[in-house]
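# Analysis of the macromolecular model
So the chains spell out like this:
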Number of protein chains: 2
Amino acid sequence: MRERILDVSLELFNEQGYDKTSLREIAERLGVTKAALYYHFERKEDILLELHLRMHALGADALRELNELDTAQARADAWPRVLDAFIDQLFANADLLLLHARNQNAFRAIGDDERHHAANEDIQEQAARLLANREIPAAQRVRLACSLGAILAAIGLHGGPLADIPQAELIEHVRVAIRDLLTPDGKDHTAA
Amino acid sequence: MRERILDVSLELFNEQGYDKTSLREIAERLGVTKAALYYHFERKEDILLELHLRMHALGADALRELNELDTAQARADAWPRVLDAFIDQLFANADLLLLHARNQNAFRAIGDDERHHAANEDIQEQAARLLANREIPAAQRVRLACSLGAILAAIGLHGGPLADIPQAELIEHVRVAIRDLLTPDGKDHTAA
DNA sequence: GTCTATATTTCGATAGAC
DNA sequence: GTCTATCGAAATATAGAC
């Protein structure tokens with residue numbers, strides 16, 4: 001049941017947003033009453049928190065690999081490879097990603113919560129630390145940031161204007177595009 | 001006064017999100033009462049709508065230029081140039097962009113509103129139409145989508161992990177990166 | 001585990017004086 | 001144009017029976 005609540009909540013949060021989704025709606029779609037939800041989750045925030053932890057688990061492995069590398073340059077160099085493997089995983093969990101992209105504000109409010117900062121290292125914090133690392137050339141840091149945004153945009157727009165493109169094909173396009181983005185090619189951009 | 005309300009609202013919406021920002025807070029920060037706001041805006045939604053119209057105005061010119069081109073291929077070809085000029089404008093209005101990125105749900109709710117669809121063509125719809133155009137090769141459409149996401153990410157992260165990079169430098173990095181992203185370079189990605 | 005009922009709070013919005 | 005005061009709705013959350 002706890003699982004069904006999380007599934008339905010994720011659906012509704014993505015459709016209408018966290019704030020505009022009431023517990024009554026979640027309960028209705030589940031065929032139960034509002035009060036029943038409180039048996040499984042103490043507060044509404046806890047539902048969102050649990051969904052957040054799932055995304056945290058998603059990237060934990062990949063980012064751990066990055067952090068085990070010694071030098072900052074080595075981490076930057078490894079990024080393309082890690083990112084490439086990452087893309088599949090991100091697309092496979094598009095709904096979790098969209099939840100975060102579309103409800104940044106709601107998650108920020110949770111950030112001040114106890115358990116969030118307490119227990120485990122957040123994936124977002126790890127990514128932020130990498131992007132903030134001044135030992136990496138600024139140009140490369142910007143490209144890293146752009147690559148994340150690019151992937152997220154592709155996933156988000158796959159439900160919209162890019163809906164006609166089969167996912168497998170879309171992923172391949174993204175993969176190649178990201179590789180172009182992350183590998184400066186010294187092309188003459190000043191044109192003729 | 002109407003201007004001050006919009007300024008403060010934009011601030012608060014970006015800090016806490018549209019839904020979690022109450023009219024009471026906006027009024028408090030302005031040193032007036034809630035009721036005073038209702039003299040300038042009939043509904044809370046209207047504040048958000050007005051902010052939306054400002055972003056619409058932002059891109060209207062650039063996108064009009066695109067739509068005046070005849071063939072779909074011509075529009076795709078012109079995109080890099082338009083986008084390049086666009087980037088400056090987007091960075092100059094970062095707060096408006098972040099508002100939209102961080103409150104997608106709130107804006108979607110407004111989309112069903114009367115005046116929004118009635119009067120003018122929305123910039124987002126125009127961009128969506130371009131991205132959905134099947135006359136453009138899928139690979140290129142994906143790259144267009146990615147470029148938008150990349151720019152947005154750079155702007156969003158400039159307030160965070162990339163804060164130490166001067167804006168002028170950041171913009172230049174983005175400009176070059178986007179150019180790499182939009183021009184497939186036939187590099188051998190299969191590596192050695 | 002789920003229910004009915006209700007407490008509590010907060011918000012958007014209105015009425016009318018100044 | 002701004003105020004005080006209040007309405008009505010909706011949401012989170014709780015209490016206690018089954």
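Quantities reported herein were computed from a predicted structural model and do not represent experimental measurements. In every chain, residue numbers begin from 1 and rise along the written sequence. By the order in which they are written, chains take letters starting at A while ligands take numbers starting at 1. Thresholds applied to this predicted model are a pLDDT of at least 70 for local features of residues and 80 or more for the giving and counting of side-chain atom pairs; totals over whole chains, interfaces and linings are not thresholded and use all residues. Think of the side-chain values as coming from all heavy atoms in the structure, minus any hydrogens and water.

## A few points about the side chain of N14 of chain B
Tracing the backbone through its elements, the reader meets N14 of chain B in helix 1 (residues 2–16). Side-chain polar atoms of N14 of chain B contact the backbone oxygen of D95 of chain B, separated by 3.0 Å. The criterion used for residue contact is that any of the two residues' heavy atoms lie within 4.5 Å. Among all residues touching N14 of chain B, those that are not within four sequence positions of it are N105 and R108 of chain A together with D95, L98, L99 and R102 of chain B. Put simply, DSSP H or I for four residues or longer makes a helix, DSSP E for two residues or longer makes a strand, and each gets a number counted from the N terminus. Here a polar contact means two N or O atoms within 3.5 Å. Within protein one must be a hydrogen donor candidate and the other an acceptor candidate, and residues neighboring in sequence count only if both atoms are side-chain atoms.

## A look at the pattern of salt bridges
A carboxyl oxygen of Asp or Glu within 4 Å of a side-chain nitrogen of Lys or Arg is what we treat as a salt bridge. Enumeration according to the criterion identifies 28 salt bridges over all chains in this entry. With a shortest N-O distance of 2.5 Å, D19 of chain B and K20 of chain A are connected by a salt bridge. Here K20 of chain A lies in the loop between helix 1 (2–16) and helix 2 (23–30) and D19 of chain B lies in the loop between helix 1 and helix 2 (23–30), a pairing that spans two chains. The class of K20 of chain A is partly exposed, set by a relative accessible area of 38%. The closest approach of N and O atoms between D88 of chain B and R175 of chain B, which form a salt bridge, is 3.0 Å. Taken together, the residues span a long stretch of sequence, with D88 of chain B in helix 5 (residues 72–92) and R175 of chain B in helix 11 (residues 167–182) at a distance of 87 residues. Residues joined in a network through salt bridges with shared partners are D84, D88, E172, R175 and R179 of chain A. When accessible area is computed with a 1.4 Å probe and restricted to protein chains, residues below 20% of their type maximum are described as buried, those above 50% as exposed, and intermediate ones as partly exposed.

## Considerations on the protein's contact with DNA strand D
It suffices for a single heavy atom of a residue to lie within 4 Å of a molecule or strand for the residue to be listed as near it. Residues in contact with DNA strand D amount to 17 residues; listed here are only the nearest, K34 and Y38 of chain A together with T33, Y39 and H40 of chain B. In the interface set of DNA strand D, defined as its atoms within 4 Å of the protein, sugar plus phosphate atoms amount to 59%. Measuring from a base nitrogen of DNA strand D, one finds a side-chain N or O atom of K34 of chain A at 3.0 Å. Residue Y38 of chain A places a side-chain N or O atom 3.2 Å away from a phosphate oxygen belonging to DNA strand D.

## Quick word on the protein's contact with DNA strand C
T33, Y39 and H40 of chain A together with Y38 and K44 of chain B are the nearest of the 17 residues found near DNA strand C. In DNA strand C, atoms within 4 Å of the protein come from the sugar-phosphate backbone in 55% of cases. Between Y39 of chain A and DNA strand C, the recorded distance is 2.7 Å, taken from a side-chain N or O atom to a phosphate oxygen. Between DNA strand C and the protein, one listed contact pairs a base nitrogen with a side-chain N or O atom of K34 of chain B at 2.9 Å. When contributions to the surface near DNA strand C are tallied by element, the ones reaching two or more residues are helix 3 (34–40) of chain A together with helix 2 and helix 3 (34–40) of chain B. Counting residues per element, the surface near DNA strand C draws most heavily on helix 3 of chain A, at 4 residues. We call Asp, Glu, Lys and Arg charged. Ala, Val, Leu, Ile, Met, Phe, Trp, Tyr, Cys and Pro are nonpolar, and the rest, Gly among them, are polar. Taken together, the residues of the surface near DNA strand C break down into 8 nonpolar, 5 polar and 4 charged.

## Quick look at the nonpolar core
Counting 123 residues, the largest nonpolar core has V174 and I178 of chain A together with V174 and I178 of chain B as its most contacted members. Beyond its immediate sequence surroundings of up to four residues, I178 of chain B is in contact with L83, I87, S147, A150 and I151 of chain B. Note on terminology: a nonpolar core comprises buried Ala, Val, Leu, Ile, Met, Phe, Trp, Tyr and Cys residues joined through side-chain atoms within 4.5 Å.

## Considerations on the packing of aromatic side chains
A ring pair, where both rings are aromatic, is described by two values, the distance of the centres and the angle of the planes. Residue and element names in this part refer to chain A. Between the rings of Phe, Tyr and Trp (Trp by its six-membered ring), a pair exists once the centres lie within 6.5 Å; its type follows the angle of the planes, with under 30 degrees stacked, over 60 edge-to-face, and the other angles tilted. Summed over all chains, the structure comprises 2 aromatic pairs over all chains. Taking 5.1 Å as the distance between ring centres and 75° as the angle between the ring planes, the aromatic pair formed by F13 and Y18 counts as edge-to-face. We count a charge as sitting over a ring when the NZ of a lysine or the CZ of an arginine lies within 6 Å of the ring centre and within 35 degrees of the ring normal. Just above the ring of Y18 sits the side chain of K44; from NZ or CZ to the centre is 4.3 Å.

## Focus: the relation of the copies chain A and chain B
Superposition of the copies was done by least squares, using only C-alpha atoms of residues whose pLDDT is at least 70 in both. Of the two same-sequence chains, chain A is brought onto chain B (RMSD 0.1 Å, axial shift 0.0 Å) by a rotation of 180°. Interpreted geometrically, this transformation is the action of a two-fold axis. Mapped onto chain B, 100% of the interface residues of chain A again fall at the interface, so both copies present the same surface.

## Considering the domain arrangement of chain A
Residues and elements named next belong to chain A. The domains assigned to chain A are domain 1 (1–42) and domain 2 (45–182). Residue ranges assigned to the domains are those given by an automatic or database domain assignment. Once you take the C-alpha centre of each, domain 1 and domain 2 turn out to be 26 Å apart. Taken residue by residue, the interface counts 13 residues in domain 1 and 14 residues in domain 2. Throughout, the accessible surface (probe 1.4 Å) given up by two parts as they are put together, summed over both, is called the buried area. Summing the contributions of domain 1 and of domain 2, the shared interface buries around 1,300 Å²; its carbon and sulfur component is 63%. Contact with domain 2 buries area across many residues of domain 1, yet L10, N14 and Y18 alone supply 45% of it, more than any other trio.

## Some thoughts on the interface of chain A and chain B
If you look at the interface, chain A gives 48 residues, while chain B gives 48 residues. Carbon and sulfur atoms make up 58% of the area that chain A and chain B hide from each other, which totals about 4,100 Å². Between the two partners, chain A and chain B, sit 8 salt bridges. In this assembly, chain A and chain B are joined by 18 residue pairs in polar contact (both at pLDDT 80 or more). Secondary structure elements with two or more residues in the side of chain A that touches chain B: helix 1, helix 6 (94–102), helix 7 (104–111), helix 9 (123–132), helix 10 (138–158) and helix 11 (167–182) of chain A. Looking at side-chain class alone, the side of chain A that touches chain B contains 24 nonpolar, 10 polar and 14 charged residues.

## Describing the confidence of the model for chain A
Summarising the model, chain A shows a mean pLDDT of 89, and 91% of its residues fall at 70 or more. For every residue, the pLDDT score states the predictor's confidence, bounded by 0 at the bottom and 100 at the top. Helix 2 of chain A holds the highest mean pLDDT among the elements of chain A, 98, whereas helix 8 (residues 114–118) of chain A holds the lowest, 60.

## Some remarks on the side chain of N133 of chain A
With respect to the helices and strands, the residue N133 of chain A is situated in the loop between helix 9 and helix 10. N133 of chain A has contacts with A72, R75 and R141 of chain A, leaving out every residue within four places of it along the chain.

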